[in-house]
Amino acid sequence: MKMKNIQQKHPKDVIMLIVDVLDIYSGFMKGLSELIGKMKVIILVNKIDLMPKSVKLHHIEDATRMMAANQGLNVIGVYLISAKSKKNIETVLKKIDKLRYSKYSRKTNFDNCYVVGCASVGKSTFINSVKEICSGDNLTPITTSDQFQTTLDMIKVELGDKFFIVDTPGIINQHSFSAYLNYESVKMVTPKSFLKVRTYQLNNKQTLFLGGLVRLDFEEGDNISVSCFVSNTLYIHRTKLENALELYENQKYKLLVPPLEEEYNRLGKLKEHIIMIPDNENFYDLIIPGIGFMHIRGNDLKIKLTMSEKVDYQLLKSIL
């Protein structure tokens, strides 16, 4: 069953949209409201166990609700979870159970809950955790991996009383780095453990490299602070702007990885973007799909962002 048929054939069923806490914006892919229609939506912000304890999680929940409202989604709940550690999953299941039955009778309102989201947000891990919580048995887990689109067909899991949670194929985000990287590189850019946020106090005329994928030239501004919410295994290098080009040419595919050399053609040409941040009071989040985000503040900043022409970025007032 294709996504576009869910709302047509099962309009009363529930959609469970899973988004990655480090890439929430990409989770609200273009045209999502057309695919889902007016179906009830529960949003799960996954992998919250990666976030530093200093982050106020209620800000993430508020921002998620706002993004959903901007998409016109019929949201009936937002939950911050960890599919891996099963954090808050029982709360989600109780919410679903409550929704299934009418208040004054035991008549069921729906029989399916469709789990949707971009590839690698943790849908299969979530369903495996649900099976374990609901059964207590050693059931055969759904195969998961760092490779994208591992789940190639819909998987239905019966949780009793003819109620099914349906895992749908992951939606490939063609504007994310992860769509163009191979297995080894995806492992490097995908966080697996608690983030060790790396913070840099910079002057203008300095450059940050995130591997060889992203280059940030801070051409103008002062009192610059950049905190990188990215995988601990992604190499970050700071240098003077005047040395950046020579460093890149000498160290690409070596120190500055990913990308690996065989990924170069898939990523296409490099494209430069000029980003202006005149606001001196607030932090901004520069979101790079497939990588994470940079938490930035400074006075009258002018930043040149260089990366693959195929990958989008967003700059928004920080949700943190």
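Residues numbered from 1 in each chain as written. Predicted model: local features only at pLDDT ≥ 70, side-chain atom pairs only at ≥ 80, totals over all residues. Heavy atoms only, no water.

What follows covers the pattern of salt bridges. What the rule picks out here adds up to 11 salt bridges. With a closest N to O distance of 3.4 Å, Glu61 and Arg65 form a salt bridge. Of the two residues, Glu61 and Arg65 both sit in helix α4 (residues 57–71), 4 residues apart, roughly one turn of that helix. Using a relative accessible area of 23% as the deciding quantity, one classes Glu61 as partly exposed. Look at Arg65 and you get partly exposed, because its relative accessible area is 38%. Between Lys86 and Glu132 there is a salt bridge; the shortest N-O distance is 3.6 Å. With Lys86 in the loop between β3 (74–80) and α5 (89–100) and Glu132 in helix α6 (residues 123–135), this pair connects stretches of sequence that are 46 residues apart. Overall, the relative accessible area of 45% leaves Glu132 in the partly exposed class. (Salt bridge = Lys/Arg side-chain N within 4 Å of Asp/Glu carboxyl O. Helix = DSSP H or I, 4+ residues; strand = E, 2+ residues; numbered from the N terminus. Buried < 20%, exposed > 50% of the residue type's maximum accessible area, 1.4 Å probe, protein only.)

The tally for this structure, following the rule as stated, stands at 4 aromatic pairs. Each ring, one from Phe209 and one from Tyr248, has its centre 6.2 Å from the other, and the planes form 10°; the classification is stacked. With Phe209 in strand β8 (residues 206–210) and Tyr248 in helix α8 (residues 241–251), this pair connects stretches of sequence that are 39 residues apart. Judged by centre distance (6.3 Å) and plane angle (90°), the rings of Tyr253 and Tyr264 are edge-to-face. One end of the pair, Tyr253, is in the loop between α8 and α9 (264–267); the other, Tyr264, is in helix α9, with 11 residues separating them in the sequence. With relative accessibility at 26%, the residue Tyr253 sits in the partly exposed group. Positioned above the aromatic ring of Phe164 is the side chain of Lys156, whose terminal nitrogen or guanidinium carbon lies 4.3 Å from the ring centre. (Phe/Tyr/Trp six-rings, centres within 6.5 Å; stacked < 30°, edge-to-face > 60°. Lys NZ or Arg CZ within 6 Å of the ring centre and 35° of its normal.)

Before going further, it helps to spend a moment on unusual backbone geometry. Here the amide bond leading from Val257 into Pro258 is cis, since omega sits at -10°, within 30 degrees of zero. Examined against the element boundaries, Pro258 turns out to sit in the loop between α8 and α9. Cis geometry marks the peptide bond from Pro258 to Pro259; its omega dihedral reads 10°. Positive phi values are uncommon outside glycine, yet Asn88 reaches one of about 70°. Considering the arrangement of structural elements, one finds Asn88 in the loop between β3 and α5.

A few words now on the side chain of Ser185. By secondary structure assignment, the location of Ser185 is in helix α7 (residues 183–189). Taking relative accessible area as the criterion, Ser185 reaches 0% and is therefore assigned buried. Setting aside its immediate chain neighbours within four residues, Ser185 contacts Pro258, Leu260 and Glu263. (Contact = heavy atoms within 4.5 Å.)

Contact geometry of α5 with α6 gives a least axis separation of 10 Å together with a crossing angle of 80°. The orientation of α5 with respect to α6, classified from their angle, is roughly perpendicular. Between α5, through Ile89, Glu90 and Leu93, and α6, the contact on the second element is made entirely by Phe126, Ser129, Val130, Ile133 and Cys134. Residue composition of the contact of α5 with α6, grouped by class: 6 nonpolar, 1 polar and 1 charged. (Axes fitted to C-alpha atoms, helices over the stretch in contact; angles between N-to-C directions. Parallel < 35°, antiparallel > 145°, perpendicular 65-115°, else oblique. Nonpolar A, V, L, I, M, F, W, Y, C, P; charged D, E, K, R; others polar.)

What follows covers the environment of Cys134. By the element assignment, Cys134 lies in helix α6. Residue Cys134 is classed as partly exposed on the basis of its relative accessible area of 43%. The sequence separation of Cys134 and Leu93 amounts to 41 residues, and the corresponding C-alpha distance is 9.1 Å. The contacts of Cys134, once residues within four sequence positions are left out, are Leu93 and Leu159.

Quick look at the side chain of Lys123 now. Residue placement: Lys123 occurs in helix α6. In this structure the side chain of Lys123 is engaged in a polar contact, spanning 2.8 Å, whose partner is the backbone oxygen of Thr168. In this structure Lys123 touches Ile18, Val115, Val116, Gly117, Cys118, Asp167, Thr168, Pro169 and Gly170, once residues within four positions along its chain are discounted. (Polar contact = N/O pair within 3.5 Å; in protein donor to acceptor, adjacent residues only side chain to side chain.)

Model confidence for the protein is summarised by a mean pLDDT of 88, while 89% of its residues fall at 70 or above. Across residues 143–152, confidence stays below pLDDT 50; counting only partners more than four residues off in sequence or on other chains, it has 26 contacts. (pLDDT = per-residue confidence, 0-100.)

On to the pairing of strand β2 (residues 40–46). Of all the 7 residues making up β2, 6 are buried; the element is thus mostly covered by neighbouring parts of the structure. Both strand β1 (residues 14–20) and β2 contribute to a ladder of 7 bridges, which runs parallel. Bridging across to β2, Met16 finds its partner in Ile42. As for the winding sense of the linkage, the β-α-β connection from β2 through α4 to β3 is right-handed. (Pairing = 2+ DSSP bridges. Right-handed = clockwise from strand over helix to strand, strands pointing away.)

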